[in-house]
Amino acid sequence: MARGDSGGFQAGQSGLVVRVPEAEPAVRAWRERLDPSARAGVPAHVTVLFPFLEESRIDNAALAAIGEVIGRHRPFEARFEHCGRFPGILYLVPEPDLPFRRLTEAVSDRWPENPPFGGQFDEVVPHLTIAQGQEDAVLDEVEADLRGRLPVTARVSSVDLMVHDGARWHQRASFALR
């Protein structure tokens, strides 16, 4: 989940993310400094779908439907060995990325009114954002530091529903992959 500045999130927004706690020791300090979502309470993660449903639409039926869609997928391992870039953004590349893509496709197929990243990109590239809105020199510094901290291997067994309360992001629910 990303916005250009820390004030870009709105109360009631939600997103589905795969937490990657195994990456926190390597990326936490950089994310807290260079990623507004980290400062707003979002842990190291790979986004499954953002923006997702408005919080007012998340009732027991929606939670059950999310659980059913996520539950169709098996747990998997992902390895983060190197960095990738979008303009002004540095991220860790998950390998394989296909299980993340399948989760995104399944959720966006079920809720087509909520395309990934609002439909602003032709292709959704699974990634774990470390820094955004930065000059190349800053990204070069972060990437050089991370080379000595990688690889990171993570076991993916759940997807979390995060909701913004107007100031911070909070986990509302977690859905197991089966």
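For every chain, the first residue of its written sequence is number 1, and the numbers climb from 1 along that sequence. Residue-level local features of this predicted model are given only where pLDDT is at least 70; pairs of side-chain atoms are given and counted only at 80 or more, and the full residue set underlies all totals for whole chains, interfaces and linings. To get the side-chain values, take all heavy atoms of the structure and skip hydrogens and water.

Looking at this model, I keep getting lost on the overall build of the protein chain. Mind explaining?
We count a stretch as a helix when DSSP gives it H or I for four or more residues in a row; a strand needs E for two or more, and each element gets its number in order from the N terminus. Of the regular secondary structure elements, the protein chain holds 5 helices and 8 strands. Along the protein chain, helices and strands appear, N-terminal first, in the series β-α-α-β-α-β-β-α-β-α-β-β-β. For the radius of gyration, the atom set is restricted to C-alpha positions; the globular benchmark scales as 2.2 Å times the number of residues to the power 0.38. A compact globule built from 178 residues should have a C-alpha radius of gyration of about 16 Å, and the protein chain, at 15 Å, falls within 12% of that. With respect to the principal axes defined by its C-alpha atoms, the protein chain has extents near 45 × 35 × 30 Å. The buried share among the 178 residues of the protein chain stands at 50%. We call two residues in contact when some of their heavy atoms are within 4.5 Å. Taking as baseline every contact in the protein chain between residues at least 6 positions apart, the subset at least 24 positions apart corresponds to 76%. As used throughout, the charge tally considers Lys and Arg to be positive and Asp and Glu to be negative, leaving His and the chain termini uncounted. Every charge is mapped to an atom, namely NZ of Lys, CZ of Arg, CG of Asp or CD of Glu. Between the centroid of the 20 positive side chains of the protein chain and the centroid of its 26 negative side chains there is a distance of 5 Å. The rule is simple: take the accessible area with a 1.4 Å probe, protein chains only, and divide by the maximum for that residue type; under 20% is buried, over 50% is exposed, in between is partly exposed.

How should the nonpolar core be read in this particular structure?
Inside soluble globular proteins, nonpolar side chains tend to come together where they are buried. Each nonpolar core is a collection of buried residues, namely Ala, Val, Leu, Ile, Met, Phe, Trp, Tyr and Cys, held together in the definition by side-chain atoms within 4.5 Å. One finds Leu128 and Leu146 to be the most contacted residues of the largest nonpolar core, which totals 47 residues. In terms of residue count, the dominant contributor to this core is helix α3 (residues 60-70) (5 residues). Among residues more than four places away in sequence, those in contact with leucine 128 are Val20, Ala23, Val27, Arg31, Ala44, His45, Val46, Phe80, Leu90, Tyr91 and Leu92. Core analysis: the next-biggest nonpolar cluster, separate from the first, contains 7 residues, Val17, Ala40, Phe50 and Trp169 among them.

Quick question: what am I supposed to make of the pairing of strand β4 (residues 89-95) here?
Where a strand is regular, its side chains alternate between the two sheet faces. By the criterion of burial, β4 is predominantly enclosed, with 6 of the 7 residues buried. Judged from the 6 bridges that link them, strand β3 (residues 76-86) and β4 form a sheet pairing that is antiparallel. Across the sheet, the residue bridging to arginine 85 is leucine 90, located in β4. Taking the residues between adjacent antiparallel strands as the criterion, β3 and β4 are bridged by 2 residues, where glycine 88 takes a positive phi near 75°. At least two DSSP bridges between two strands are required for those strands to pair. Of the pairings in the sheet, the one linking β4 to strand β5 (residues 128-132) comprises 4 bridges and is antiparallel in character. Each residue of the ladder has a partner; that of tyrosine 91, found in β5, is threonine 129.

In this structure, what is going on with the packing of helix α1 (residues 24-34) against helix α5 (residues 136-147)? I would like to understand it.
The relative placement of two packed helices is expressed as an angle between their axes plus a distance between the axes. Think of each axis as a best-fit line through the C-alpha atoms, taken over the contacting stretch in the case of a helix, with angles from 0 to 180 degrees between the N-to-C directions. Contact geometry of α1 with α5 gives a least axis separation of 10 Å together with a crossing angle of 165°. Considering their axes alone, α1 and α5 lie roughly antiparallel with respect to each other. The element α1 and its partner α5 pack so that their crossing is right-handed. Two secondary-structure elements touch here, α1 through Ala26, Val27, Trp30 and Leu34 and α5 through Val138, Glu141, Val142, Asp145 and Leu146. Here the residues of the contact of α1 with α5 sort into 7 nonpolar, no polar and 2 charged. Throughout this description, any angle smaller than 35 degrees is read as roughly parallel, any larger than 145 degrees as roughly antiparallel, any in the 65 to 115 degree range as roughly perpendicular, and the remainder as oblique. Crossing handedness is read from the near helix: turned anticlockwise from the far helix by less than a right angle, it gives a left-handed crossing, and turned clockwise, a right-handed one. Note on residue classes: Ala, Val, Leu, Ile, Met, Phe, Trp, Tyr, Cys and Pro are nonpolar, Asp, Glu, Lys and Arg are charged, and everything else, Gly too, is polar.

What is the right way to look at the sheet that holds strand β6 (residues 152-156) in this model?
Strands belonging to one sheet form pairs held by backbone hydrogen bonds; the direction of such a pair is parallel or antiparallel. Pairing is antiparallel in the open sheet, where 4 strands are placed in the order β5-β4-β3-β6. Single-partner strands in this sheet number two, and they are β5 and β6. With direction set aside, neighbouring strand axes in the sheet form an average angle of 30°. Seen against the sheet, α1 touches β4, β5 and β6 and runs at an angle of roughly 45° to β5. Sitting on the sheet, helix α4 (residues 98-110) is in contact with β3, β4 and β6, with an inclination near 90° to β3.

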